[in-house]
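Chain residues, written in single-letter form:
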Amino acid sequence: MVQIALGSFYQRRQRLTDSEAAMKKAIELDPKNPLPRGLLALIFVKDNQADRAEDVLQEAKKDLGDNPNGYRMLGEFYVRRGNLEKGVEEFASLHKEHSKETGVTLTYAELLATAKRYDEATALTNELTKADASNLQAITLRSKIEAAQGKTNDALETMKTALKAAPNDPRVHFDLGLAYHNAGNAPQAKVEWQSALKIRPRMAEALEALAGEAVRENDMKGVQSYAAQLTAIRPDLPQGYLYAGTAAAGLGDLAGAEKNYEALVQVAPTNPLGYAKLAPCEWRKTTGRRCKAFR
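Residues numbered from 1 in each chain as written. Predicted model: local features only at pLDDT ≥ 70, side-chain atom pairs only at ≥ 80, totals over all residues. Heavy atoms only, no water.

1. Topic: helix H6 (residues 73-80)
- Three or more residues of H6 are buried, namely Met73, Leu74, Gly75, Phe77 and Tyr78.
- Contacts made by the buried residues of H6 are with helix H3 (34-46), helix H4 (50-63), helix H5 (68-71) and helix H7 (84-97).
- Positive backbone phi, at 80°, marks Gly82, one or two positions downstream of H6. (Buried < 20%, exposed > 50% of the residue type's maximum accessible area, 1.4 Å probe, protein only. Helix = DSSP H or I, 4+ residues; strand = E, 2+ residues; numbered from the N terminus. Contact = heavy atoms within 4.5 Å.)

2. Digging into the pattern of salt bridges
- Enumeration over the complete set of coordinates arrives at 13 salt bridges.
- The partner of Asp175 in a salt bridge is Arg171, with the nearest N and O atoms 4.0 Å apart. Remark: Arg171 and Asp175 occur in helix H12 (residues 170-182); sequence separation between them is four residues, near one turn of the helix.
- On the basis of relative accessible area, Arg171 is assigned to the partly exposed category, the value being 30%.
- If you follow the salt bridges from partner to partner, you end up with Arg171, Asp175 and Glu205 in one network. (Salt bridge = Lys/Arg side-chain N within 4 Å of Asp/Glu carboxyl O.)

3. Notes on the side chain of Thr105
- Note on placement: Thr105 falls in helix H8 (residues 102-114).
- Of the polar contacts made by the side chain of Thr105, one reaches the side chain of His95; its length is 3.3 Å.
- Apart from residues lying up to four places away in sequence, Thr105 is in contact with His95, Ser99, Leu124, Glu127 and Leu128. (Polar contact = N/O pair within 3.5 Å; in protein donor to acceptor, adjacent residues only side chain to side chain.)

4. Some details on the packing of H8 against helix H10 (residues 136-148)
- The geometry of H8 relative to H10 is characterised by a closest axis approach of 11 Å and an angle of 10° between their N-to-C directions. Judged on the interaxial angle alone, H10 and H8 are roughly parallel. Listed contacts from H10 to Leu106, Ala109, Glu110 and Ala113 of H8 are Gln137, Ala138, Leu141 and Ile145. (Axes fitted to C-alpha atoms, helices over the stretch in contact; angles between N-to-C directions. Parallel < 35°, antiparallel > 145°, perpendicular 65-115°, else oblique.)

5. Section: the packing of aromatic side chains
- Applying the stated rule across the entire model yields two aromatic pairs.
- Taken together, a centroid distance of 6.5 Å and an interplanar angle of 35° make the contact between Phe174 and Trp193 tilted. One end of the pair, Phe174, is in helix H12; the other, Trp193, is in helix H13 (residues 186-199), and 19 residues separate them in sequence.
- Relative accessible area serves as the criterion here: at 8%, Phe174 is assigned to the buried category.
- Given a relative accessible area of 2%, Trp193 falls into the buried group. (Phe/Tyr/Trp six-rings, centres within 6.5 Å; stacked < 30°, edge-to-face > 60°.)

6. Description of the nonpolar core
- Ranked by internal contacts, the top residues of the largest apolar core, which has 34 residues, are Val172 and Phe174.
- Elements represented by at least two residues in this core include exactly H10, helix H11 (152-165), H12, H13, helix H14 (204-216), helix H15 (220-233) and helix H16 (238-250).
- If one sorts the elements of this core by residue count, H14 sits on top with seven residues.
- Once you skip the residues sitting within four places of it in the chain, Val172 turns out to touch Leu136, Met159, Ala162, Leu163 and Ala166. (Core = buried A, V, L, I, M, F, W, Y, C linked by side-chain atoms within 4.5 Å.)

7. So, the side chain of Thr107
- By the secondary structure assignment, Thr107 is in helix H8.
- Residue classification places Thr107 among the buried positions, given a relative accessible area of 15%.
- Only 3.0 Å separates the side chain of Thr107 from the side chain of Arg72, close enough to count as a polar contact.
- Filtering out sequence-adjacent residues up to four positions away, Thr107 remains in contact with Arg72 and Phe91.

8. A word on the environment of Lys160
- For Lys160, the location among the structural elements is in helix H11.
- Those residues within four positions of Lys160 in sequence are excluded, and the remaining contacts are Leu176 and Tyr180.

9. Things to note about the packing of H11 against H12
- Remark: H11 packs on H12, axes separated minimally by 9 Å, with the N-to-C direction vectors making an angle of 160°. With respect to H12, the axis of H11 lies roughly antiparallel. When the axes of H11 and H12 are compared, the crossing they make is left-handed. Here H11 contributes Thr152, Ala155, Leu156, Met159, Lys160, Ala162 and Leu163 to the contact with H12, which in turn contributes Val172, His173, Asp175, Leu176, Ala179, Tyr180 and Asn182.
- Its residues assigned to classes, the contact of H11 with H12 shows nine nonpolar, three polar and two charged. (Left-handed = near helix turned anticlockwise from the far one by under 90°. Nonpolar A, V, L, I, M, F, W, Y, C, P; charged D, E, K, R; others polar.)

10. Comments concerning the confidence of the model for the protein chain
- Across the protein chain, the average pLDDT comes to 90, with 94% of residues at or above 70.
- Across the protein chain, the secondary-structure element scoring lowest on mean pLDDT is helix H18 (residues 272-287), at 67, and the one scoring highest is H13, at 98. (pLDDT = per-residue confidence, 0-100.)

This is the structure in structure tokens:
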């Protein structure tokens, strides 16, 4: 652990050569520990040496074949770098070698679904639920696959199954709400999102979904309330400021709308939406005319 701490210290100070040496020493002292291998790969990534990082993780997969935290790192490396094809290929290999490892099977299914290989992904979710009928992640993934295939009613029924298995799981209520929404049942979607929020009051996804539904209903007071909660718990998320600005504009508070859209730009400076929302504010300042074009 001393060598890991030393390597991390050097890395923070951009002394990458020293950091590399410390991590290699940590691997030598504790060859079955995946942590220094992952950190060494990260050093190479930060030094724009992705090939060397890949070599480290290939070696980790070979040396740590009995440790999921070790043999998964290479596939996760591909996924993080946006190489879906290699990620799928790697997890296909892992699934053959570790067919009883639920986490590997689930990740492989998720990657197949992302690659739109829906039939193969569904087969894996069936494999998982056959082994454990209450596997919520597999059930939820199957529902999402069905939704992606346009099978909205099937997706809804699948999520109802998940709710029976876990009636107090906020994520299940949230995903069931999405399924209801996709099926065109907005009132029931709201019920599920509100249920999720009761169980987990700081659930940002539920607040965002409810704010969006309130916008569709033109309930600006509701939008304002959900947006205030969202920005309070997750000030780093741009959606809260977007909805707060929408609510303020809808309630005639143009100064408030401008303030929130400025916050949106600060939180997400590369997102053009904030600048687009601010444009009417600048037009109003320039012309001196009242502008209601925020929303």
